[in-house]
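Chain residues, written in single-letter form:
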Amino acid sequence: MSSTEPLEWNNSTALDGPIEESVPKLKEQIDGEILVAGSRTLVHALLLAGLVDELRLMVFPVILGSGGRVFPESADKIVLELKDDRRYESGVQVLTYHPTVT
């Protein structure tokens with residue numbers, strides 16, 4: 001993914017080249033966490049490339065009846081280890097997982 005235009009969001013970085021190459025380079029260049037919010041397509045690509053260190057899922061107690069897949073289709077199994085779960089009075093749960101190598 002790449003962009004030649006300035007990004008509108010603060011603290012954002014445009015990736016240049018394939019994810020498998022550009023994300024490891026980005027991780028070497030910065031000090032801190034890299035977060036992805038709201039891009040299912042990017043998260044799917046990162047999961048399939050083995051580039052996700054932590055996955056936080058927010059589960060809301062509402063069924064909408066339609067929508068896209070949370071996880072990508074893959075012939076390979078991605079095993080997730082639950083590291084933390086938080087429950088709020090609203091019924092929302094935040095589940096934190098770490099992918100494990102199988």
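These figures come from a predicted structure and were not determined experimentally.

A. Representation of the pairing of strand 3 (residues 93–100) in the model. Of the pairings in the sheet, the one linking strand 1 (residues 55–59) to strand 3 comprises five bridges and is antiparallel in character. Following the sheet pairing, R56 is matched in strand 3 by T96. The sheet contact formed by strand 2 (residues 79–87) and strand 3 spans eight bridges and is antiparallel. Directly across from R87, in strand 3, lies its bridge partner Q93.

B. Helix 2 (residues 40–48), seen in detail. Of all the residues in helix 2, the buried ones are L42, H44, L46 and L47. Buried-residue contacts for helix 2 involve helix 1 (19–29). Positive phi shows up at G50, right after helix 2, with a value of about 70 degrees.

C. Broad picture of the sheet that holds strand 3. Strand order in the open sheet made by the three strands is 1-3-2, with antiparallel pairing throughout. Pairing within the sheet leaves two strands with one partner each, and these edge strands are strand 1 and strand 2. Ignoring strand direction, the axes of neighbouring strands in this sheet form an average angle of 25 degrees.

D. View of the nonpolar core. In this structure, I19, V23, L46, L51, V52, L55 and Y97 are the most contacted members of the largest nonpolar core, which totals 13 residues. Among the elements of the structure, helix 1, helix 2, strand 1 and strand 3 are those that each provide at least two residues to this core. Setting aside its immediate chain neighbours within four residues, L51 contacts I19, E20, V23, P24, K27 and L46.

E. Spotlight on helix 1. Residues I19, S22, V23 and L26 constitute the buried set of helix 1. One side of helix 1 carries all its buried residues, which in axial view fall inside an arc of 95 degrees. Opposite the buried face of helix 1, by more than 90 degrees, sit the exposed residues E20, K25 and E28. On its buried face, helix 1 sits against helix 2.

F. How the structure looks around the environment of K27. Turning to its location among the elements, K27 is positioned in helix 1. Taking the relative accessible area as the measure of exposure, K27 reaches 36% and is therefore partly exposed. A sequence separation of 40 residues divides K27 from G67, and the C-alpha atoms of the two residues are 31 Å apart. When sequence neighbours within four positions are dropped, the list of residues in contact with K27 reads I34, L51 and D53. Side-chain polar atoms of K27 contact the side chain of D53, separated by 2.9 Å.

About the thresholds
Residues numbered from 1 in each chain as written. Predicted model: local features only at pLDDT ≥ 70, side-chain atom pairs only at ≥ 80, totals over all residues. Heavy atoms only, no water. Pairing = 2+ DSSP bridges. Helix = DSSP H or I, 4+ residues; strand = E, 2+ residues; numbered from the N terminus. Buried < 20%, exposed > 50% of the residue type's maximum accessible area, 1.4 Å probe, protein only. Contact = heavy atoms within 4.5 Å. Axes fitted to C-alpha atoms, helices over the stretch in contact; angles between N-to-C directions. Core = buried A, V, L, I, M, F, W, Y, C linked by side-chain atoms within 4.5 Å. Arc of directions from axis to C-beta. Polar contact = N/O pair within 3.5 Å; in protein donor to acceptor, adjacent residues only side chain to side chain.

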